[in-house]
Amino acid sequence: MSVLEHVGAWTFEELADLPDDGQRYEVVDGNLLVTPPPSHVHQGVSAAIFSLLKGGCTPQWRVYYEFALPLGTDGRIPDLVVVRADAPISRSTPYPVGPEFFGLVVEVVSSRTRKTDRFTKPGEYAEAGIPLFWRVELEPEIEVFGFELRDGAYVPTAELLTPWGPITVDPGALLD
């Protein structure tokens, strides 16, 4: 499918027809958003957090990297997610899992998507009812901030929470 040939509002399901060209595609308010691949630092930090989450994950949960999150006809591709193990994931359906199966979403803030990662996405995830959200800042130094959904909005937590309990993350070790 040629992006230039598309007429009308985009839907998240249509992303499955786009080429796997290394770009990250998302749909917001029917508009196609295209962002370049993340930096090496972003990828390294994401991989380190993935390993930490995967290492502590209980059998009731699964950890995924760049997993599609449908939000009505829109959708995002968070950096990392924790999804219930009983989610109906299938090879034949590209975006089968709704937000009700998500326990945690992690966004690593990049210089190209600062405002979206800090403000827009957390609001969308809270509106979707995802109980936990982490924001990972890369500059001026690496910091991980945890949030819990309360009364429809994210509030900071004293410790980083996962669906299976608190976890310790050493920000300085995320680049090793």
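Report on the accompanying structure. (Residues numbered from 1 in each chain as written. Predicted model: local features only at pLDDT ≥ 70, side-chain atom pairs only at ≥ 80, totals over all residues. Heavy atoms only, no water.)

### Quick look at the pattern of salt bridges
- Inspection of every chain in the model, using the stated rule, returns seven salt bridges.
- Of the charged contacts in the structure, one is a salt bridge between Arg84 and Asp86, with a shortest N-O distance of 2.9 Å.
- For Arg84, a relative accessible area of 29% translates into the label partly exposed.
- Take Asp86: its relative accessible area is 53%, and that puts it in the exposed class.
- Across the salt bridge formed by Asp117 and Lys121, the nearest N and O atoms sit 3.5 Å from each other. One end of the pair, Asp117, and the other, Lys121, are both in helix 2 (residues 114–128), four residues apart, so they sit about a helical turn from each other.
- For Lys121, a relative accessible area of 4% gives the class buried.
- One salt-bridge network, held together by shared partners, links Glu107, Asp117 and Lys121. (Salt bridge = Lys/Arg side-chain N within 4 Å of Asp/Glu carboxyl O. Buried < 20%, exposed > 50% of the residue type's maximum accessible area, 1.4 Å probe, protein only. Helix = DSSP H or I, 4+ residues; strand = E, 2+ residues; numbered from the N terminus.)

### Overview of the packing of aromatic side chains
- Counting across every chain of the model gives five aromatic pairs.
- Ring geometry for Tyr125 and Phe133: centres 5.9 Å apart, planes at 50°, overall tilted.
- Residue Tyr125 is classed as buried on the basis of its relative accessible area of 0%.
- Every member of this aromatic cluster is reached through a ring pair, and the members are Tyr125, Phe133, Phe147 and Tyr154. (Phe/Tyr/Trp six-rings, centres within 6.5 Å; stacked < 30°, edge-to-face > 60°.)

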